[in-house]
Amino acid sequence: MEKEFVRISGKDYAEAGIASGELKPVIAVKFSRVLARRGQIGEEVISYTQNGLVEKVDTVGVDETTKEVDWVLTKLDENGEVVVDEFGHKNEWIVKHATFAKKYELDETKTGGVFKPVGGPQVFVPIVMDVTLEQWGSLMNIEAGGWLNITNPDDIYGISERDFEDTYRIVSDAPTYKLTK
């Protein structure tokens, strides 16, 4: 039986969940490294859920803001090895150049295109049902257990439970957080 994903607006979902008390915001910091390379225009990258379902299908293009080709990121584990799930899928996704430049910098302690996260703590709310949301021009399926990054109300995006666990560490609750512009 195929899973049913409910299409949501990340902002509406987070606002309603926080207001009702159903969703409790947390603060987390990013720790994971990525292997990053410029994609080939038209290259397709498929991301998968922890259960091996297609999470997102995306195509490398050109960042409209910077006119630069998108980046393809591959998650590395704490030992610097490419993360591969039990189904043989690499943990890969596409990031626009303008976003990449804000979120990553070259890790000079490593070789071969390894980048580390920049920026401070971020605010998340849990995803408590299987959802589909639009982010960065593509639809993404996220199973219950995932998280919405609500740090920037103008750039709310989702992340699967598995990706959250091997990317972020929760440092505290954020009980008074309000989602505002």
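All figures in this text were calculated on a predicted structure; none of them were measured in a lab. (Residues numbered from 1 in each chain as written. Predicted model: local features only at pLDDT ≥ 70, side-chain atom pairs only at ≥ 80, totals over all residues. Heavy atoms only, no water.)

**Q** Sorry if this is basic, but what is going on with the packing of aromatic side chains here?
**A** One pass over the structure, following the stated rule, counts 8 aromatic pairs. Note on W71 and F115: the rings are 5.8 Å apart at their centroids and 70° apart in plane angle, and the pair reads as edge-to-face. With a gap of 44 residues between them, W71 in strand β6 (residues 71-75) and F115 in strand β9 (residues 114-117) connect regions that are remote in the sequence. Each of the two residues, W71 as well as F115, counts as buried. Here F124 and F164 contribute two aromatic rings whose centre-to-centre distance is 5.0 Å and whose plane-to-plane angle is 80°, an arrangement assigned as edge-to-face. Residue F124 is found in strand β10 (residues 122-126), and its partner F164 is found in helix α3 (residues 161-165); the two are separated by 40 residues along the sequence. Judged on exposure class, the residue F124 and its partner F164 are both buried. Here a set of aromatic residues connected by ring pairs shows up, and it is made of W71, F100, Y104 and F115. (Phe/Tyr/Trp six-rings, centres within 6.5 Å; stacked < 30°, edge-to-face > 60°. Helix = DSSP H or I, 4+ residues; strand = E, 2+ residues; numbered from the N terminus. Buried < 20%, exposed > 50% of the residue type's maximum accessible area, 1.4 Å probe, protein only.)

**Q** Any chance you could explain the pairing of strand β4 (residues 44-48) here in plain terms?
**A** Sheet faces and side chains relate simply in a regular strand, where the side chains alternate between the two faces. Of the strand pairs in this sheet, β4 and strand β5 (residues 54-59) are connected by 5 bridges, and their pairing is antiparallel. In the strand pairing of β5, V45 is matched with D58. (Pairing = 2+ DSSP bridges.)

**Q** Got a minute to help me understand the side chain of S32 in this structure?
**A** With respect to the helices and strands, S32 occurs in the loop between β2 (26-30) and β3 (34-38). Note on S32: relative accessible area 4%, which makes it buried. Apart from the residues within four sequence positions on either side, S32 is in contact with K75, L76, P117, D166 and T167. (Contact = heavy atoms within 4.5 Å.)

**Q** In this structure, what is going on with the environment of L133? I would like to understand it.
**A** Considering the arrangement of structural elements, one finds L133 in strand β11 (residues 131-135). Taking C-alpha positions, L133 is 6.2 Å from S9, a pair spaced 124 residues apart along the chain. Residue contacts for L133: discarding those within four places in its chain leaves I8, S138, L139, M140, I142, L148, Y157 and G158.

**Q** Sorry, what's going on with the pattern of salt bridges here?
**A** Per the stated rule, a full pass over the model turns up 13 salt bridges. Note that K56 is salt-bridged to D58, the shortest N-O span being 3.9 Å. Each member of the pair, K56 as well as D58, carries the same accessibility label: buried. With its nearest N and O atoms 3.6 Å apart, the salt bridge here joins K116 to E105. Here K116 is found in strand β9, whereas its partner E105 is found in strand β8 (residues 104-106), with 11 residues between them in sequence. By relative accessible area, K116 is classed as partly exposed at 26%. (Salt bridge = Lys/Arg side-chain N within 4 Å of Asp/Glu carboxyl O.)

**Q** Teacher, can you tell me more about the sheet that holds strand β15 (residues 168-173) here?
**A** If you trace the 5 strands from one edge of the open sheet to the other, you get β14-β13-β10-β2-β15, paired in antiparallel fashion. Of all the strands in the sheet, just β14 (157-159) and β15 have a single pairing partner and so form its edges. For this sheet the average axis-to-axis angle between neighbouring strands, irrespective of direction, equals 40°. Here strand β13 (residues 147-149) pairs with β14 via 3 bridges, running antiparallel. Bridged to N149 within β14 is Y157. (Axes fitted to C-alpha atoms, helices over the stretch in contact; angles between N-to-C directions.)

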